[in-house]
Structures are given as structure tokens and as C-alpha cells.
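A structural walkthrough
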Amino acid sequence: MVDLLLGLQWGDEGKGKIVDVLTKNYDIIARFQGGPNAGHTLIFDGNKHVLHTIPSGIFHDKALNIVGNGVVIDPVIFQKELEDLEKYNIDFKSKLFISRKAHIILPTHRLLDAASETAKGKAKIGSTLKGIGPTYMDKTGRNGIRIGDLELENWKDKYDALTKKHLKMLDFFEVDIQFDLKELENQFCKAVDILKQLTFIDSEAYLFNAMQADKTILAEGAQGSLLDIDFGTYPYVTSSNTTAAGACTGLGVAPSKIGKVFGIFKAYTTRVGSGPFPTELFDEDGKTMAKVGQEFGATTGRPRRCGWLDLVALKYTVQVNGVTQLNMMKGDVLSGFDTIKICTSYQYKGKEITHLPYNIEPENVSVNYTEFKGWQADLTKMDSADQLPKNLITYIDFIEKELQVPIKIVSVGPDRKQTIFR
Ligand code: IMP
């Protein structure tokens, strides 16, 4: 069976930390979608690491790490990630496998991303500008270059033809994007040579055989369910299926082989980039969450927008993913608030509703809150569930009851050790 770990909000829920905590239970950790737009932060032994494409099992002795077919890979960023991990003496050849069917982000994909965003002006998505959208467009348009192509003699011809086409497309946008293609291509080709030293596999066959041999597998989601290309707040979303179904297509795993589904959410809500966010705060409470929670994007460094927990949206993503257990992150950030709010329904077209409607822009919905008494205790030194303050337990119990799914892990700080199991 394959267990799934997914973010239930707009990304940045703390998936990297929980994968890291859970890795000891798994033989294989596999990424199934997204690419270097992700930033999974892991903190242990006083060190902080941000992974973008490499699965979060890479620091564990035994876990094997797979980058699945649904992921898009930028060789230049991948090379940098490998270099950043050099001091750990990891044997990448035997611990990190890449699917031949994963698509490659070309330098011109990044340029197209920038041109598209610039051309959109105020309506921009707020993309991380890593070339994610254009690469998935080439995948579905059946023009993409895949990792397996790098094993062919003529991959450079394919590359040249696609780059030529991209340059023509760039003209179409009529925006001023400065670049030195020669320099970008030099970096790209050097990075491809490094990538080619790794092990390429047919990951669907590999995982099938692993399951036959009773290996335990954890699929690590990137971004969050509200950024899903189908079920997220379209068009302000990423270009892949971040929800549970994405793990099947992004790894080649049959739906009947999915086991537990771990849903990760923050005790409040954050969002980077543009798009609707019904519980967003523009007051001191929002600023406090941003400051205490250090809410800056792990990939772009952009400040994250902050707001109260949105149970309407969370219920929706729990349903879409079939979540079997919940992990609540960053409860410690809410310590010190006198009152804590949870959005339990929306006002939509004059009616109170508890489901996520098609439009959640501010002109369509306003939020109704249920209020809770805050807690003052510092949670970061706590290590067992019986130490948690009463008001926090009330908060957790309420969420569990509303979502009908148990909250099994409460994270009380970024370190691997700051994790309370219930
Ligand atoms: P893209 O995937 O880089 O094109 O970005 C599309 C939208 O998804 C933007 O609003 C980004 O800020 C957001 N996004 C992409 N990746 C992440 C992530 O890993 N965490 C949070 N937001 C993300």
C-alpha cells in the first residue's frame, strides 16, 4: 500500500517536517507532483534545510527517495539542491531515483512564466516563476522533454526545437524580459550532465515491485489542495493535481493501493501569491501570526498572507482527499491570543452555507466565525498530549468533531522533536 501525505490549505502547511518525522516508518518516500515551486523545510540537530524537488526522506539512513513521473524537474535547481546536501555525504546514486517520465523545466519555460505573469499585470497568479505552468502546458500539449529523453542521442535536437518555439512564443507576449540565453543554456547543459549521473527508473514498475515485496511507501505531496489545478481556487492555483488523485497519476499507483491519507493543516491559514482568501486578516492579529509564525515563502521569501482557520475550505479538502488522519501544525503560533476564531460558515448570496461554493472572491462570500478562548502557555517545550492547555484541547476537539477525522499529531515548533502524538 501507499500512504499519502498532503497539504490541505494553500501550501506551506509544514509537510516537509511531518514527512521527516514519519520517514522512519517507510522504506520509500516519493514525490508525485509539482517541482521547484515547492519548499519543504526540515529542521533537526540545529540545522535547517529547504528541499525543493528532492523528497524529504533524503536525510534518513534507509529511506529510498523517488521523484515520480508527475514531478517537473529543473536540472539547474536540482544541481544546486544536490550541492547544498554535499556535506551529508549522501550516496545519491543509490538513495535517489528519478522517473524517466518526469518532465524537464527548460530555461525558456522559466522565461515564459515570467512573460506570462508580466503580461497579466494585476491579474497575475503570483507564480513562483520557476517555469512550472509552461512545463505542464508542454506536457499536456505533448511537446515536453522528459528525463528519459536525456538517455537518447538526439535529446539536444528536441531541446533546440522546443527552445526555438518558446522564443517565438516569448515575442507574442510583447513584454520586456531580459535574458542571456547562451549563459542559461550553459548552466542548463552542465546541470543535465550532473543529473545524468543519477539513477533513472520506470518508477511505476519500481513501485509495483516494491509493493509486491511489502515495502512501505509514503507519497509526499507538494503545495496544498486549494492550489489544485481542478479543485483549487482556479485560476489562482498551481498547474498540477495536488490532491490525492494526483498521487495515482503522478506515480502510477492504482487507487486501490492507497492506504492512509495524512492531511496536514496549520492551526490558522496562510497563502502566498494572489487569489481569494476569505479569512485573511489585515489587522494586528494577522501581523502577529506572520511575525510569530515566520510566514515567509521557503522558495521565494515572499511574505505570506495570514488569517484564521477556514473550516469550510478545510472540510472540502478533507473530503476531496479522503483524509484518514489529520496533523495540526503551528499551534504554538496561536499562543498568546485572547480570542481565537474559526470560520465555520460563509454568507453567500444572502444565505449561510457550509460548503465551498464555486466563487469565494470577497464580493461573493463573507465569513461567519465561532470564537474560542485563547491559551497563553508556550507550547514549544511540551512533548506530550497531557501537557497541552485546556483551551487548545477544546480548539482541537472542535475541529476533529467538525471534520470527523482524528487529529493524531500536534506540531508545536519547527524541530523534528517538537511533535506531540495523540
Ligand atoms: P506556480 O506553481 O509557481 O506557478 O505558482 C502558482 C501559485 O501557487 C502561486 O500563488 C504560488 O504562490 C503558489 N505556490 C506554488 N508552490 C507553492 C508552495 O510550495 N507553497 C505555497 N504556495 C505555492
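Before reading further, recall that the structure is shown in the block above.
Report follows, based on the coordinates. Once a new chain begins, its residue numbering starts again from 1 and follows that chain's sequence as written. Note on the predicted model: pLDDT of at least 70 is required for a residue's local features to be given, and 80 or more for side-chain atom pairs to be given and counted; whole-chain, interface and lining totals, by contrast, use all residues. Side-chain metrics in this entry use all non-hydrogen atoms of the structure; hydrogen atoms and water are not considered.

1. Observations regarding the overall build of the chain
When its secondary structure is counted, the chain shows twelve helices and 20 strands. With the radius of gyration taken over C-alpha atoms, the globule rule is written as 2.2 Å times the number of residues to the power 0.38. Against the compact-globule benchmark of 22 Å for 422 residues, the chain has a radius of gyration of 21 Å, which places it among compact chains. Projecting the C-alpha coordinates of the chain onto the three principal axes gives extents of approximately 65 × 50 × 40 Å. Each residue is placed in one exposure class: buried if its accessible area under a 1.4 Å probe, protein chains only, is under 20% of its type's maximum, exposed if it is over 50%, and partly exposed if it falls in between. Across the 422 residues that make up the chain, the buried fraction comes to 57%. What makes two residues a contact is simply this: any of their non-hydrogen atoms within 4.5 Å. When contacts within the chain are restricted to residue pairs at least 6 apart in sequence, long-range pairs at least 24 apart make up 77% of them. Exposure was quantified through the Shrake-Rupley algorithm and a 1.4 Å probe, taking into account, for residues, occlusion by the shown protein chains and nothing else. A total of about 18,500 Å² of accessible surface is found on the chain, and carbon and sulfur atoms cover 51% of it. By the counting rule applied here, Lys and Arg register as positive and Asp and Glu as negative, while His and the ends of each chain are not counted. For this purpose, a charge sits on NZ of Lys, CZ of Arg, CG of Asp or CD of Glu. Charge centroids of the chain, computed over 51 positive and 53 negative side chains, lie 1 Å from each other. Secondary structure elements are taken from DSSP: a helix is a run of H or I of four residues or more, a strand is a run of E of two residues or more, and numbering for both begins at the N terminus.

2. Comments concerning the nonpolar core
Among the nonpolar cores identified, the biggest contains 58 residues, and Leu4, Phe265, Leu326, Met328, Leu334, Tyr395 and Ile399 are the most heavily contacted of them. Those residues in contact with Leu4 that lie beyond four places of it in its chain are Leu218, Ala219, Ala244, Ala247, Ile258, Lys260, Val261 and Phe262. We define a nonpolar core as any set of buried Ala, Val, Leu, Ile, Met, Phe, Trp, Tyr and Cys residues linked to one another through side-chain atoms lying within 4.5 Å. Leu106, Leu150, Leu195 and Phe200 belong to the second-largest nonpolar core, a separate cluster that totals 32 residues.

3. Thoughts on unusual backbone geometry
In this chain, Tyr234 is followed by Pro235 through a cis amide linkage whose omega measures 5°. Mapping Pro235 onto the fold places it in the loop between β10 (217-220) and α9 (244-251). The backbone phi angle of Gln294 is positive, close to 45°, even though this residue is not glycine. Mapped onto the elements, Gln294 comes out in the loop between α10 (284-292) and β13 (305-307).

4. Some words on the layout of surface pockets
We place a 1 Å grid over just the protein atoms. Points where a 1.4 Å probe fits but has no way out form a cavity, open points with protein on both sides within 12 Å along at least 5 of 7 lines form a pocket, and any residue with an atom within 4 Å of a point lines it. Grid points are joined across faces, edges and corners, and a volume is the space filled by probe spheres set on the points. Volume-wise, the second largest pocket comes out at about 750 Å³. Around the second largest pocket sit 31 residues that line it, and Thr41, Gly293, Gln294, Lys330 and Pro414 are the ones nearest its centre. Where the lining of the second largest pocket is concerned, the elements lending two or more residues are α1 (15-22), β3 (40-44) and β4 (47-51).

5. Observations regarding the site of the ligand
Close contacts around the ligand come from 16 residues, with Asn37, Ser127, Thr128, Thr238 and Arg302 the closest. Here a polar contact is recorded for every N or O atom pair within 3.5 Å, except that within protein the pair must consist of a potential hydrogen donor and a potential acceptor, and residues adjacent in sequence are included only if both atoms are side-chain atoms. Here an oxygen atom of the ligand sits 2.6 Å away from a polar atom, N or O, in the side chain of Thr238. Arg302 is positioned with one of its side-chain polar atoms (N or O) 3.0 Å from an oxygen atom of the ligand. We call Asp, Glu, Lys and Arg charged. Ala, Val, Leu, Ile, Met, Phe, Trp, Tyr, Cys and Pro are nonpolar, and the rest, Gly among them, are polar. Of the residues contributing to the shell around the ligand, the split by class is six nonpolar, eight polar and two charged. We define proximity as follows: a residue is near a molecule or strand when any one of its heavy atoms falls within 4 Å of that partner.

6. So, the environment of Ile407
Looking at where Ile407 falls in the secondary structure, it is placed in strand β19 (residues 407-411). Residues Ile407 and Arg422 lie 15 residues apart in sequence; the distance between their C-alpha atoms is 7.3 Å. Excluding residues within four positions of it along the chain, Ile407 makes contact with Phe265, Leu326, Met328, Ile396, Ile399, Glu400 and Arg422.

7. Points about the pattern of salt bridges
Salt-bridge detection follows one rule: a side-chain nitrogen of Lys or Arg within 4 Å of a carboxyl oxygen of Asp or Glu. A full pass over the atoms with the stated rule returns 18 salt bridges. With its nearest N and O atoms 3.3 Å apart, the salt bridge here joins Asp12 to Arg304. Within this pair, whereas Asp12 is found in the loop between β1 (2-7) and α1, its partner Arg304 is found in the loop between α10 and β13, the two being separated by 292 residues in sequence. Put simply, Glu295 and Lys266 hold a salt bridge, and the shortest N to O gap is 3.0 Å. Linking Glu295 in the loop between α10 and β13 with Lys266 in strand β11 (residues 258-266), this pair joins segments that are 29 residues apart in sequence. Each member of the pair Glu295 and Lys266 is classed as buried.

Any link to function would need more than the numbers given here.
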